[in-house]
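Understanding the architecture of this molecule
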Amino acid sequence: RVAAMFVGPILDYSLDAYPVLARMNANQQVRGIWLICLLYVLQEGPEVLVRDKLQSFCRQKDNRINIFVSVLKLACATFQYLMSSNDVSFHVLDGLSKEMTQECYNTLSATVILLIEECFDTVASNEYELEKLAKLVFDLLLHVLATPQSSVTLLRTLGGSAHAFDKFGASIFLRAVGNSLQHWGRIIVKLMNSTELSVRSMSVDFFVSLLGGVFNVCGNVDIVNLIFLSILPEVVAREIALCSASGLIKTMEDAASSLWPLRRAFADVEETNPLDDDRIDPQMLPSISAFCRTGQAIIDGVLIEMRLREDSDTIDLEKIAKAQRCGVSSLLDDSEHIQPSLNTIFDADEESLLEASNFFPPETSLPQRMRWLFTLKDLHCSKNQWSEAAETLILGAHSLLESLGHLPNMWRPSRFDLWSDYRRFPWLSSIGLSHGTHSCGNVAVIEYANAFLERASPLMTVTDACSTLNKVVDNAFAAFANEDGLEDIAYSHFEELLNKVSTIVSGEKRRNDSHDMDALRRVRANICIRLAQLTEKDTVSQLDGFGLGGYTHNEAQCYVRVVLRGEKPLRFKESTTIPTFFEWDMASICRVRKSTLTKAKHMMKSNPKKSTEECICFAFAEPLVNALKGNDNAVVVTMGGSKDVATDDSKTYIDVVVVQMKSRHVGKSRRFFVRSSSDSGVTEFTVAHTFPHALARQRALITSEITPKYF
């Protein structure tokens, strides 16, 4: 009854006093008490009176409902100061419990739902006022979701957000949030990583609603996929930093485990079935699947970038962030690259990075595409896989050339102020204090997250892109030079780049832009210099003493077929981190790198009785065997490719055999074959992409048995 008496006066006076309340400091006691009284009548007052008052605000000529939403936003900002912190001037009211603070936000969320139900139909006739109201409502909901809340409060706020989205529709939502869609992406992805199943499920449900609504309006979900995946590395890095500040992460394995809820959430999104959910159109399934696979790949990519910046299993956030902020480094400089550990030797790290880069088209997302290509290049350098590093850079060079006409239209993510604004979110200063890790406070968390937002340098002009392209060409040439026998392949790549640049220069002449012309001519001159240097070298490089089945192969073009059989180790049964690239009982074609061939040469010298093929196979299998030594099962290396060799199911077999390339072009092929030991024919393997490739290994898609009659 008391609340019913004051519903009308307090709501009216609150709207009248809005200019005065807005000028007060958020932690001022008068403002805090006033707004708590407002929420008290909203929560305890009769619902029919509150609804009637909201209706009257909508019908008034000055549309006071917008002022009412602004007052609720003031309340959201004020209640930030009711949370615990180390600041002595932090508390507005002494003795206010954590439960009461959460109840304030519960009331805010419930009021938003009530407001939308009562006011939407009244305002819907005026599209301008409808969009204005939607902007205020979604901004309020974003601020509430950005605040650390209990699972109950988060569920209510997410429910209010879903209700608002359903009422306003995707079209109004996109226009209302504008560039803040990326901030909604940050909050949704963060909540997807919640350890609370209910919060994670509600976040997935809201995201599915967003995808379905955007598809109905735009005919595709490309804008949502692009924005969410562009900011995903920052959110992943922040989640790792927050767990580290809380004392939950000490090693790389802990960092990978902290992201398992997010991986599960992406899997839930991918499992959405249009037969069970009318929000999803069957035509959306390929886009949703691509989004989820790329999301998983980007999570892998962040973990890989951390490994490349840290030379030990422990995590030093400051060291990793400093190395990450250095941007694009010279891939073949004199600095030592951190070698991968045996624990990661089976990781599908190369595949994840390539999948992440392939998602972003160079015409709209060049910085993101180049970021993952440069990370893939760094990974190859750490493994001394220079041919793959060069192929990765060639992909980057083509991406740069394809983007030159679209540079002004590139979308770039911005920083999220609410994660670093201590004035509006004073509770941020309490991060890391409860565990005595003051050095890992919010400043360190934000610096770490920002280092992973974008790694590539700004590529917004043709001159900037050409400068980066020159560096890419120089490093690609150095990578090709690091392995013998790649001169012909390098020449064909640079010749293709030269043709593209010449075509672009011809087009730029008509535009009459002297600065762009000069930059492109420098690129063309640089490529010509590299081509001239290649012609001075021998075009054929052979590996002395390595004759394979009557054929002569050079070092860079030696390949093996690998099959894992027998008892599966634990690493292949379950994993909460990067998946494995080997598929059990499935053939994979792998390029043998230069360091492995050198090791095989030493094996031949120490044991002349072994054949060349045996030395190559055992040298290639040695790191795989060492990585599996910790398992209880014995590891056996076999040769010859016969399945009946693996007779003991309690052992793990690594079957390795040297294969020959069937090449119709200069050192390039998708088809490989191996002669059967009984001379009954050959087995041919076909992979998806032509070797040499940006990947050092590929699974065999087609396996064919060819008899001598047809061989």
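Residues numbered from 1 in each chain as written. Predicted model: local features only at pLDDT ≥ 70, side-chain atom pairs only at ≥ 80, totals over all residues. Heavy atoms only, no water.

What about the overall build of the protein?
From N to C terminus, the protein includes 25 helices and ten strands. Across the 711 residues that make up the protein, the buried fraction comes to 53%. In the protein, the share of contacts with a sequence separation of at least 24, taken over all contacts with a separation of at least 6, comes to 72%. Accessible surface computed for the protein: about 30900 Å², of which carbon and sulfur atoms make up 51%. (Helix = DSSP H or I, 4+ residues; strand = E, 2+ residues; numbered from the N terminus. Buried < 20%, exposed > 50% of the residue type's maximum accessible area, 1.4 Å probe, protein only. Contact = heavy atoms within 4.5 Å. Areas by Shrake-Rupley, 256 points an atom, 1.4 Å probe, with all protein chains shown as cover.)

Things to note about the environment of Leu-191
Note that Leu-191 resides in helix H9 (residues 181-192). Sequence separation between Leu-191 and Leu-262 is 71 residues, and the spatial gap between their C-alpha atoms is 8.5 Å. Ignoring any residue separated from it by four or fewer positions in sequence, one finds Leu-191 in contact with Leu-145, Leu-154, Leu-158, Val-199, Arg-200 and Ser-203.

Quick look at the pattern of salt bridges
As enumerated under the stated definition, the model contains 34 salt bridges in all. The partner of Arg-697 in a salt bridge is Glu-351, with the nearest N and O atoms 2.9 Å apart. Of this pair, Arg-697 sits in strand E9 (residues 697-699) while Glu-351 sits in helix H16 (residues 349-359), placing them 346 residues apart in sequence. Classification of Arg-697 by relative accessible area gives buried; the value is 9%. Residues joined by salt bridges that share partners form a network here, namely Asp-349, Glu-350, Glu-351, Lys-383 and Arg-697. (Salt bridge = Lys/Arg side-chain N within 4 Å of Asp/Glu carboxyl O.)

Brief notes about the packing of aromatic side chains
Considering all chains together, one arrives at 23 aromatic pairs under this definition. Arranged with centres 4.9 Å apart and planes meeting at 55°, the rings of Tyr-559 and Phe-672 form a pair that is tilted. Remark: Phe-672 occurs in strand E7 (residues 669-675) and Tyr-559 occurs in strand E3 (residues 559-566); sequence separation between them is 113 residues. With respect to class, Tyr-559 is no different from Phe-672; both count as buried. Every member of this aromatic cluster is reached through a ring pair, and the members are Phe-120, Phe-138, Phe-165, Phe-168, Phe-173, Trp-184 and Phe-206. Across the ring face of Trp-419, the terminal group of Arg-238 is positioned such that the distance to the ring centre comes to 4.0 Å. Taking the ring centre of Phe-618 as reference, the NZ or CZ of Lys-610 above it sits at 4.8 Å. (Phe/Tyr/Trp six-rings, centres within 6.5 Å; stacked < 30°, edge-to-face > 60°. Lys NZ or Arg CZ within 6 Å of the ring centre and 35° of its normal.)

Some details on unusual backbone geometry
Leave glycine aside and you will find that most residues have negative phi; peptide bonds, for their part, are mostly trans. Going from Phe-691 to Pro-692, the amide bond is cis rather than trans, its omega being -5°. Secondary-structure assignment places Pro-692 in the loop between strand E8 (682-691) and E9. Backbone geometry at Asn-384 places phi at a positive 60°, although glycine is not the residue there. On the secondary structure map, Asn-384 appears in the loop between helix H17 (366-382) and helix H18 (386-403). In this structure Asn-384 comes out as partly exposed when scored by relative accessible area, which is 28%. Phi is positive for Asp-585, close to 65°, though the residue is something other than glycine. For Asp-585, the location among the structural elements is in the loop between helix H23 (570-573) and strand E4 (588-591).

Considering the nonpolar core
If you look at the biggest cluster of nonpolar residues, it comprises 140 residues, and the most contacted ones within it are Phe-68, Leu-115, Phe-138, Phe-168, Phe-207, Phe-228 and Met-306. Per element, the largest residue contribution to this core is 15 residues, and it comes from helix H11 (residues 222-245). In this view, Phe-168 contacts Ile-116, Phe-120, Leu-130, Leu-133, Ala-134 and Phe-138; residues no more than four positions away in its chain are not counted. Ranked by size, the runner-up nonpolar core spans 38 residues in total, among them Ala-390, Ile-394, Met-410 and Ala-479. (Core = buried A, V, L, I, M, F, W, Y, C linked by side-chain atoms within 4.5 Å.)

Notes on the environment of Thr-111
Positionally, Thr-111 belongs in helix H6 (residues 98-123). Judged by its relative accessible area of 4%, Thr-111 is buried. For Thr-111 and Arg-51, which are 60 residues apart along the polypeptide, the C-alpha to C-alpha distance reads 9.8 Å. Those residues in contact with Thr-111 that lie beyond four places of it in its chain are Leu-42, Phe-68 and Leu-72.

Overview of the packing of H17 against H18
Packed helices, taken two at a time, are described by the angle between their axes plus the distance between the axes. At a minimum axis separation of 8 Å, H17 and H18 run at an interaxial angle of 165°. If you check the angle between H17 and H18, you find them roughly antiparallel. In the packing of H17 onto H18, the handedness of the crossing is left-handed. Seen from H17, the contacting residues are Leu-366, Arg-369, Met-370, Leu-373, Phe-374, Leu-376, Lys-377, His-380 and Cys-381; seen from H18, they are Trp-386, Glu-388, Ala-389, Thr-392, Leu-393, Leu-395, Gly-396, Ser-399, Leu-400 and Ser-403. Residue classes in the contact of H17 with H18 are distributed as eleven nonpolar, five polar and three charged. (Axes fitted to C-alpha atoms, helices over the stretch in contact; angles between N-to-C directions. Parallel < 35°, antiparallel > 145°, perpendicular 65-115°, else oblique. Left-handed = near helix turned anticlockwise from the far one by under 90°. Nonpolar A, V, L, I, M, F, W, Y, C, P; charged D, E, K, R; others polar.)

Describing the side chain of Ser-357
If you trace the backbone, Ser-357 turns up in helix H16. A polar contact of 2.9 Å, which involves the side chain of Ser-357, links it to the backbone oxygen of Leu-354. (Polar contact = N/O pair within 3.5 Å; in protein donor to acceptor, adjacent residues only side chain to side chain.)

By themselves these figures say nothing about function.
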